[in-house]
Amino acid sequence: MDAGHETEERALISDRIRDALTDAIAAGELAAGTTLDEQTLADRFGASRTPVREALRQLAFGGLVEQRPRRGMVVARMTPERIMDMFEATAEIEALCVRLATHRMRPLELSALMELHRRSGAAVEGGDFDAYDGLNRQFHEGLYAATHNGFLAEQALAIRTRLSAFRRTQLRQGDRIRRSHAEHGAILAAIAEGDGEAAARRMRAHMLNAAGALGRYIAEHHAD
């Protein structure tokens, strides 16, 4: 196996571990304060410690785990206030992106977004959360690129990366995945009509709806 392929495979393993731990933390299976031992997790997932370490680093960056003196990595406590603060900030960034993208987007970029929307509809119908999560990420990143403002796209992507675990989790609340897809359709309709203000309002609501869904999911799975 060449070095490039080995690195790519390790990244895929770390993504799988990160997603599994994200789901377990959000569902309350791993309670706040639980120690996450690298070797124990490596054994659990049948992997080496390197992808486990990378998965934990990504979770720490997103705020799901934190480093504690003498205890190593532990599951962090998620508060509704902190989650809403993060989603409120990202809602404004995403609204700005879609407003600019509406007026700067090239026909091929709009066509690509519509194709992503069509494919994500199939994932919704199939109940495939992982597939929808990936397509959802591509949809939003496509909007960042369509701003044709490199600095803004970089900032939006950085914030999205920090929130990726939370954005994945909110799709599992009730029929959120179906409503998320419908909200994407409404945003695309405004873009197609050249109405950047309407697209921005709909994107802001889309992100705050996601925050609400995440809050409900956590409350349902972390009840005393």
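Residues numbered from 1 in each chain as written. Predicted model: local features only at pLDDT ≥ 70, side-chain atom pairs only at ≥ 80, totals over all residues. Heavy atoms only, no water.

**Q** Account for the packing of helix 2 (residues 38-45) against helix 3 (residues 49-62), naming residues and giving values.
**A** Where helix 2 meets helix 3, the axes come as close as 9 Å, and the angle between the chain directions of the two elements is 110 degrees. Here helix 3 runs roughly perpendicular to helix 2, going by the angle between their axes. The two elements helix 2 and helix 3 cross, and the hand of that crossing is right-handed. Of helix 3, the residues touching helix 2 (which contributes Glu38, Gln39, Leu41 and Ala42) are Arg49, Val52, Arg53 and Leu56. Broken down by class, the residue content of the contact of helix 2 with helix 3 amounts to 4 nonpolar, 1 polar and 3 charged. (Axes fitted to C-alpha atoms, helices over the stretch in contact; angles between N-to-C directions. Helix = DSSP H or I, 4+ residues; strand = E, 2+ residues; numbered from the N terminus. Parallel < 35°, antiparallel > 145°, perpendicular 65-115°, else oblique. Left-handed = near helix turned anticlockwise from the far one by under 90°. Contact = heavy atoms within 4.5 Å. Nonpolar A, V, L, I, M, F, W, Y, C, P; charged D, E, K, R; others polar.)

**Q** Break down the pattern of salt bridges for me, citing the residues and quoting the values.
**A** Applying the stated rule across the entire model yields 13 salt bridges. Residues Asp23 and Arg172 are paired through a salt bridge, measuring 3.4 Å at the closest nitrogen-oxygen approach. Pair noted here: Asp23 is in helix 1 (residues 3-26) and Arg172 is in the loop between helix 7 (150-170) and helix 8 (176-192), with a separation of 149 residues, a long-range link. The class for Arg172 is partly exposed, based on a relative accessible area of 29%. One salt bridge in this structure joins Arg176 and Glu183, with 2.8 Å as the shortest N-O distance. By relative accessible area, which is 14% here, Glu183 ends up buried. Via salt bridges that share partners, Asp15, Arg18 and Asp19 belong to a single interconnected network. (Salt bridge = Lys/Arg side-chain N within 4 Å of Asp/Glu carboxyl O. Buried < 20%, exposed > 50% of the residue type's maximum accessible area, 1.4 Å probe, protein only.)

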